[in-house]
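# Descriptive analysis of the structure
Chain by chain, the residues:
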Protein chains: 2
Amino acid sequence: MTEYLSSLAKGLEPYVPGEQPGDGDYIKLNTNESPYPPSPKVQETIRKMADGSLRLYPDPSSGVLIKAASAYHGVPEEMIFAGNGSDEVLAFAFAAFYAGKKVVFPKVTYSFYPVYCGLFNAGYSQLPMVEKLGMDLDGMAGCGCGVVFPNPNAPTGELAGLEWVERIAASNPGNVVLVDEAYIDFGGESSARLTGKYENLLVVQTMSKSRALAGMRIGLAFGSEKLIDGLKRVRDSFNSYPLNRLSQYAGAAALEDDAYYKDMCGKIIRTREKSFGELERLGFEFIRSSSNFILASHPEVPAAKIYQVLKGNNILVRYFAKEPLQNHIRITVGTDGQMKILFDRLEKIIGGC
Amino acid sequence: MTEYLSSLAKGLEPYVPGEQPGDGDYIKLNTNESPYPPSPKVQETIRKMADGSLRLYPDPSSGVLIKAASAYHGVPEEMIFAGNGSDEVLAFAFAAFYAGKKVVFPKVTYSFYPVYCGLFNAGYSQLPMVEKLGMDLDGMAGCGCGVVFPNPNAPTGELAGLEWVERIAASNPGNVVLVDEAYIDFGGESSARLTGKYENLLVVQTMSKSRALAGMRIGLAFGSEKLIDGLKRVRDSFNSYPLNRLSQYAGAAALEDDAYYKDMCGKIIRTREKSFGELERLGFEFIRSSSNFILASHPEVPAAKIYQVLKGNNILVRYFAKEPLQNHIRITVGTDGQMKILFDRLEKIIGGC
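About the thresholds
- Residues numbered from 1 in each chain as written.
- Chains lettered and ligands numbered in written order.
- Predicted model: local features only at pLDDT ≥ 70, side-chain atom pairs only at ≥ 80, totals over all residues.
- Heavy atoms only, no water.
- Helix = DSSP H or I, 4+ residues; strand = E, 2+ residues; numbered from the N terminus.
- Buried < 20%, exposed > 50% of the residue type's maximum accessible area, 1.4 Å probe, protein only.
- Lys, Arg positive; Asp, Glu negative; His and termini not counted.
- Salt bridge = Lys/Arg side-chain N within 4 Å of Asp/Glu carboxyl O.
- Contact = heavy atoms within 4.5 Å.
- Least-squares fit on C-alpha atoms with pLDDT ≥ 70 in both.
- pLDDT = per-residue confidence, 0-100.
- Domains from an automatic or database assignment.
- Buried area = accessible area lost by both parts, 1.4 Å probe.
- Polar contact = N/O pair within 3.5 Å; in protein donor to acceptor, adjacent residues only side chain to side chain.
- Axes fitted to C-alpha atoms, helices over the stretch in contact; angles between N-to-C directions.
- Parallel < 35°, antiparallel > 145°, perpendicular 65-115°, else oblique.
- Left-handed = near helix turned anticlockwise from the far one by under 90°.
- Nonpolar A, V, L, I, M, F, W, Y, C, P; charged D, E, K, R; others polar.
- Pairing = 2+ DSSP bridges.
- Phe/Tyr/Trp six-rings, centres within 6.5 Å; stacked < 30°, edge-to-face > 60°.
- Lys NZ or Arg CZ within 6 Å of the ring centre and 35° of its normal.

When you line up the elements, Asp87 of chain B lands in helix α4 (residues 85–98). Among buried Asp, Glu, Lys and Arg side chains, Asp87 of chain B stands out as unpaired, with Arg217 of chain B the closest opposite charge at 4.2 Å. Excluding anything up to four places from it in sequence, Asp87 of chain B contacts Phe238, Asn239 and Ser240 of chain A together with Tyr110, Phe112, Tyr116 and Arg217 of chain B.

See the structure below:
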């Protein structure tokens with residue numbers, strides 16, 4: 001292969017996403033999808049929009065989605081950006097703000113960040129974790145360079161309070177502080193509105209998790225006009241129409257059905273809290289996650305074995321093989337019914353059956 | 001803005017797409033969309049798939065679409081790649097094969113190519129046109145570097161025969177020759193199957209034009225496994241899930257309804273041929289395009305004026321202001337009815353009314 005590759009492409013170390021087996025084969029607790037369907041109103045909107053207008057290009061600025069996000073979050077439209085999933089929004093941000101510069105992020109975090117650095121030639125440091133698997137928030141404050149961290153962090157589920165977001169943004173003037181809020185709706189308060197106060201703060205969200213729309217690829221960013229204009233510059237140098245017509249309308253409909261979304265997140269949070277008790281009962285060590293997943297390890301049974309036996313029983317969780325998470329699994333919070341099947345099986349594994 | 005921008009982002013000169021006004025306001029002949037709706041079977045497929053499964057991530061490899069494309073084009077699945085519109089596929093190709101290297105393309109061509117070069121730091125030369133607005137195919141043959149050209153070329157509509165594709169691919173071993181077949185279905189023969197013969201040949205297609213699916217953003221690439229693996233490396237360093245679930249199924253359904261597609265393209269080609277006669281009658285100079293658009297200029301009436309007056313009458317065409325196309329408009333071929341309205345109006349403009 002390498003004879004045709006650019007040196008850029010040769011140097012890449014691509015991200016490896018969780019397994020995506022054929023639909024319906026597994027109880028799928030490995031890629032942090034919602035166990036519940038998207039709002040019926042979202043499904044209805046898509047069916048209604050699937051007409052002859054699909055012959056036309058989508059609105060390049062995703063106006064209908066931006067408008068809905070503005071109304072929902074109380075952030076002006078010119079301070080919002082939409083992309084093809086938050087992964088694309090993140091990629092644009094790394095190109096716009098970190099290419100050829102330096103950025104820091106936690107050692108244990110979303111493993112796509114160093115990959116973006118490779119694609120856009122950004123230097124990076126990974127801040128060691130504090131107190132076992134905690135983010136070094138103090139180290140990010142005043143570091144004098146770009147900062148990226150998920151809030152809550154992935155795959156630990158640790159939430160940093162808004163006072164930390166403010167402190168880190170305020171102490172790094174002139175550098176973009178990117179807060180990746182992929183999981184914020186499962187227990188935290190969004191810092192989207194703080195973008196009106198800190199012009200160097202960029203807040204990225206996704207509809208894949210809390211809006212149950214992973215299949216539609218919808219990401220958003222909130223930030224000062226300066227930052228949003230930077231994202232637009234990169235978008236318009238990559239793909240003028242990143243978001244198809246149906247995703248734009250689906251995203252808007254999802255934001256408009258707030259009652260459904262709140263009910264769904266509430267159920268997931270309640271199931272998570274119950275799951276903590278089950279994990280405790282089975283002797284797992286775990287972090288009390290503020291997200292829709294739980295990072296866990298067992299002092300007696302290796303994570304690799306747990307992962308394998310679960311998979312053999314048609315239950316998929318994510319297994320991490322790389323230091324310092326080498327003995328951990330990450331369990332997406334499913335429905336109460338799915339979690340009962342999981343814990344019944346875990347009980348057998350831990351019991352040696 | 002520039003205080004936060006990376007030097008990469010500062011140096012970009014973003015692409016400017018054609019105007020996308022609100023739906024239904026104009027007779028829209030400016031961005032080469034199909035005037036006909038996508039196949040009813042495609043619309044039906046989307047409605048059927050708009051269900052609870054949208055909570056799940058799409059297949060990262062777009063399997064259902066790749067399988068349909070393989071059956072349709074007679075190219076093995078491992079030699080096909082799918083992306084979020086052909087613009088994204090092109091961007092990945094520039095990153096994978098041209099970053100830090102040199103590539104040539106015609107002076108008059110799709111104006112996104114130099115933008116990709118800026119984003120991924122590729123050097124480029126624009127080959128001067130020959131015999132007015134023709135591609136210098138001879139100059140591309142044996143140039144000893146990467147080559148990109150659309151076939152037919154945009155915005156001229158000039159078609160290069162397969163013998164030229166073969167000659168250019170064969171004479172540039174070790175360098176990737178990218179043929180952008182966005183408009184191939186309106187009069188040319190695809191070189192997709194030639195990718196089995198030339199491992200340096202990459203053929204890119206879109207469903208936006210001849211499949212009337214601009215709103216769904218579906219692009220494909222055909223090439224040797226070496227080249228397809230290169231595209232995958234970049235994709236997996238940018239966005240693991242570039243194509244949403246509905247676009248994957250819509251694209252497959254479009255390829256399966258071949259009768260509808262052939263009928264639609266046939267109508268557009270017949271309307272184009274009739275339009276040549278009308279343009280002649282009105283004294284326009286134009287290229288006998290093999291595409292779904294016609295590049296034209298008038299010896300007496302400036303293109304800028306034609307564009308403005310048409311727009312004032314709710315007809316959008318694309319106006320080019322930049323040398324050497326400064327006095328040209330590009331007219332997308334619409335329905336017979338739309339073209340009658342256009343030519344009636346053009347007659348008045350040319351006649352000085």
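Least-squares fitting of chain B to chain A yields an RMSD of 0.0 Å, with the superposition described by an axial translation of 0.0 Å and a rotation of 180 degrees. Here the symmetry operator amounts to a two-fold rotation axis. Of every C-alpha in chain B, the one belonging to Arg47 of chain B sits nearest the axis of rotation, 2.3 Å from it. Most of the interface of chain B is mirrored in chain A: 100% of its interface residues are interface residues there too.

For the rest of this paragraph, the subject is the confidence of the model for chain A. Of all residues in chain A, 99% have pLDDT values of 70 or greater, and the mean over the chain is 96. The ipTM, which scores confidence in the relative placement of chains, is 0.96 for this predicted complex, and the corresponding pTM is 0.97.

As a further point, take the domain arrangement of chain A. All names here are of chain A. One can read the domain layout of chain A as domain 1 (7–36 + 259–351) and domain 2 (40–257). The centre of domain 1, based on its C-alpha atoms, is set 24 Å off from the matching centre of domain 2. Contacts between the two partners involve 33 residues from domain 1 and, on the opposite side, 29 residues from domain 2. Taken together, both faces of the contact between domain 1 and domain 2 bury some 2,500 Å²; the carbon and sulfur share is 66%. Taken as a group, Tyr15, Tyr261 and Ser290 account for 27% of the area that domain 1 buries against domain 2, more than any other trio of residues on that side. Linking domain 1 with domain 2 are zero salt bridges, by the criterion used here. Viewed at the interface, domain 2 and domain 1 are joined by seven residue pairs in polar contact (both at pLDDT 80 or more). Here the side of domain 1 that touches domain 2 gets nine residues from one element, more than from any other, and that element is helix α10 (residues 258–281).

The next thing to look at is the packing of helix α3 (residues 63–73) of chain A against helix α9 (residues 245–256) of chain A. Residue and element names in this part refer to chain A. Their axes nearest at 8 Å, the elements α3 and α9 cross at an angle of 15 degrees. Comparing the axis directions of α3 and α9 gives the class roughly parallel. α3 and α9 meet at a crossing whose hand is left-handed. Facing Gly63, Val64, Leu65, Ala68, Ala69 and Tyr72 of α3, the residues of α9 in contact are Gln248, Tyr249, Gly251, Ala252, Leu255 and Glu256. The class makeup of the residues in the contact of α3 with α9 is eight nonpolar, three polar and one charged.

Put simply, side chains in a regular strand alternate between the two faces of the sheet. Residue and element names in this part refer to chain A. For strand β8 (residues 218–222), the buried fraction is high: five of the five residues fall into the buried class. As paired elements, strand β2 (residues 80–84) and β8 share five bridges and run antiparallel to each other. Looking across to β8, one finds that Ala82 is bridged to Leu220. Here four bridges tie strand β7 (residues 201–206) to β8, and the two strands are oriented antiparallel to one another. Looking at β8, one finds that Thr206 is bridged to Gly219.

Time to look at the interface of chain B and chain A. With 82 residues of chain B at the interface, the matching set in chain A holds 82 residues. A buried area of about 7,100 Å², summed over both sides, lies between chain B and chain A, and 58% of it is on carbon and sulfur atoms. When the area that chain B buries against chain A is broken down by residue, the three leading residues are Tyr4, Arg55 and Phe238 of chain B, summing to 13%. Our enumeration of links across chain B and chain A arrives at two salt bridges. Glu3 of chain B is paired through a salt bridge with Lys226 of chain A; the nearest N and O atoms lie 2.5 Å apart. For the interface between chain B and chain A, the tally reads 44 residue pairs in polar contact (both at pLDDT 80 or more). Put simply, the parts of the chain that give the side of chain B that touches chain A at least two residues each are α1 (7–10), α2 (40–49), α4, α5 (113–120), α8 (225–235) and α9 (245–256) of chain B. The biggest single contributor to the side of chain B that touches chain A is α4 of chain B, with eight residues.

Quick look at the packing of aromatic side chains now. For the coordinates displayed, the defined rule picks out 38 aromatic pairs over all chains. Their ring planes at 80 degrees and their centres at 6.5 Å tell us that Tyr72 of chain A and Tyr261 of chain A sit as a pair that is edge-to-face. In this pair, Tyr72 of chain A sits in helix α3 while Tyr261 of chain A sits in helix α10, placing the two residues 189 residues apart along the sequence. A relative accessible area of 9% places Tyr261 of chain A in the buried class. An angle of 80 degrees between the planes, with centres 6.1 Å apart, marks the rings of Phe81 of chain B and Phe92 of chain B as edge-to-face. With Phe81 of chain B in strand β2 (residues 80–84) and Phe92 of chain B in helix α4, this residue pair connects regions lying eleven residues apart in the sequence. Among the aromatic residues, ring-to-ring pairing joins Tyr15, Phe94, Tyr98, Phe105, Tyr110, Phe112, Tyr113, Tyr116 and Tyr124 of chain A into one connected group. Across the ring face of Phe293 of chain B, the terminal group of Arg330 of chain B is positioned such that the distance to the ring centre comes to 5.7 Å.

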